[in-house]
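Observations on chain architecture
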Amino acid sequence: MKTAESLSIKTPLLESLPLSQLNQTRVWLKMEAMQPSGSFKIRGIGFACQQHAARGVKRFISSSGGNAGLAVAYAGRQLGIPAVVVVPESTSDRALHLLALEGAEVKVHGKTWADANQLAQSWVTEQDAFIHPFDDALLWQGIAALIDEVVEGGVRPDAVVLSVGGGSLLSGIDQGLTQHGLHQVPIYIAETTGMASYHAALVAGHPIAVDHLSGIATSLGARQVCQRAFDVSKTRTVVGTQVSDREAVDACLAFLDDHRTLVEPACGAALALLYGQKLPLASVENVLVIVCGGSTATLNALQAFK
Ligand SMILES: *Cc1c(COP(=O)(O)O)cnc(C)c1O
């Protein structure tokens, strides 16, 4: 399924009978959890890395200990370009292990992500490409292709459900919908209450840094969403809903039973909108849920949280 042009694969588009029945509509799952790096991130990051590779960069540098770092490591291995990932001391052993498996050079530095990011930035030379986890037009372009696959699969959604962290997924999906003339389609976004930086931006009227992030949906942990993601709310209906960590975890476990796929709480947040019947879908025929995936959760960790 992987073509010469793309590091991401074409993922399955599945109808969820349990979620369709529960919400009295047709619910379609875009199974990004099946991507080689475990999340949708490889769509944007793979695309960006290929562009940088084509102009001859010698190294990729990232400061993410999560799914973005994993996608950079995967892209580096596939393209034969070394990937360096600088992560803070708080990074889990599991994440370090997964990065090492991909063959990335991992440097643990500093207490916070800002410390790690500062060191990573200081290493970037003209020969390198720094790969941002969410704020780059190349990422959004790569992610937009997801909607091409949905439309080719015969589904023109009239509502989309997805999770928001820094906002690359929202930006890319908005771009893909717009490219297919789906301007009127509302996007229902999910955040956990401890990671609600899009909510904060909507309240403030512009992207704003939240003082304090908390909870287990660490892949949603951007203190401030990117401007592009905020701007989507000016041209399209964007409806924000917050769920508890508990609801996100419960949704992950229900989804594992229903669809035999383990996802992170960051993804469970979006699924919780459907498991909790939180959306006004009475007049909607086809709902598209981006099952964004995630590699850092384990079944043990989810059960321990419960
Ligand atoms: C990165 C990520 C998100 C959030 O995506 P943004 O583009 O930062 O909004 C959600 N879920 C998972 C699993 C992720 O890896």
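See the structure shown above.
Below you will find a few notes about this structure. Keep in mind that what you see is a predicted model, and the values were worked out from it rather than measured.

1. A look at the packing of helix α10 (residues 245-259) against helix α11 (residues 265-275)
- Running from N to C, α10 and α11 point in directions that differ by 80 degrees, and their axes come no closer than 7 Å. One finds that α10 runs roughly perpendicular with respect to α11. Between α10 and α11, the contacting residues are E247, A248, V249, A251, C252, A254, F255 and D258 on the first element and P265, G268, A269, L271, A272 and Y275 on the second.
- Per-class residue counts for the contact of α10 with α11 are 11 nonpolar, 1 polar and 2 charged.

2. Concerning the layout of surface pockets
- Taken as a whole, the second largest pocket encloses approximately 380 Å³ of empty space.
- Lining the second largest pocket are 22 residues, with S6, S8, R43, A145 and E149 positioned closest to its centre.
- Elements supplying a minimum of two residues to the lining of the second largest pocket: α2 (41-54), α6 (137-152) and α7 (168-179).
- No other element matches α6, which puts 7 residues into the lining of the second largest pocket.
- Class assignment for the residues of the lining of the second largest pocket results in 7 nonpolar, 9 polar and 6 charged.
- Three or more residues apiece are contributed to the lining of the second largest pocket by two domains, here domain 1 (13-40 + 136-304) and domain 2 (41-130).

3. A few points about the pattern of salt bridges
- Taken as a whole and assessed by the stated rule, the structure comprises 13 salt bridges.
- E89 is the partner of K111 in a salt bridge, and the nearest nitrogen-oxygen pair spans 3.3 Å. Here K111 is found in the loop between β5 (105-108) and α5 (113-123), whereas its partner E89 is found in the loop between β4 (83-87) and α4 (93-101), with 22 residues between them in sequence.
- Note on K111: relative accessible area 63%, which makes it exposed.

4. Considerations on empty space enclosed by the protein
- The final tally for this structure, using the stated rule, is 1 cavity of 30 Å³ or more.
- Here the largest cavity is characterised by a volume of approximately 30 Å³.
- In terms of lining, the largest cavity is formed by F40, K41, G44, I45, P133, L139, I143 and S168.
- When contributions to the lining of the largest cavity are tallied by element, the ones reaching two or more residues are α2 and α6.

5. Quick word on the sheet that holds strand β1 (residues 13-15)
- Spatial strand order, β1-β2-β10-β7-β8-β9: 6 strands in an open sheet with mixed pairing. If you trace the sheet from one side to the other, it starts and ends with β1 and β9 (238-243), each paired once. On average, each strand axis in the sheet is tilted by 25 degrees relative to the strand beside it, whichever way the strands run.
- The sheet contact formed by β1 and strand β2 (residues 26-31) spans 3 bridges and is antiparallel. Each residue of the ladder has a partner; that of L14, found in β2, is L29.

Cut-off values and rules
- Residues numbered from 1 in each chain as written.
- Predicted model: local features only at pLDDT ≥ 70, side-chain atom pairs only at ≥ 80, totals over all residues.
- Heavy atoms only, no water.
- Axes fitted to C-alpha atoms, helices over the stretch in contact; angles between N-to-C directions.
- Helix = DSSP H or I, 4+ residues; strand = E, 2+ residues; numbered from the N terminus.
- Parallel < 35°, antiparallel > 145°, perpendicular 65-115°, else oblique.
- Contact = heavy atoms within 4.5 Å.
- Nonpolar A, V, L, I, M, F, W, Y, C, P; charged D, E, K, R; others polar.
- 1 Å grid on protein atoms, 1.4 Å probe; cavity = no way out; pocket = protein on both sides within 12 Å on 5 of 7 lines; lining within 4 Å.
- Points joined across faces, edges and corners; volume = space filled by probe spheres on them.
- Domains from an automatic or database assignment.
- Salt bridge = Lys/Arg side-chain N within 4 Å of Asp/Glu carboxyl O.
- Buried < 20%, exposed > 50% of the residue type's maximum accessible area, 1.4 Å probe, protein only.
- Pairing = 2+ DSSP bridges.

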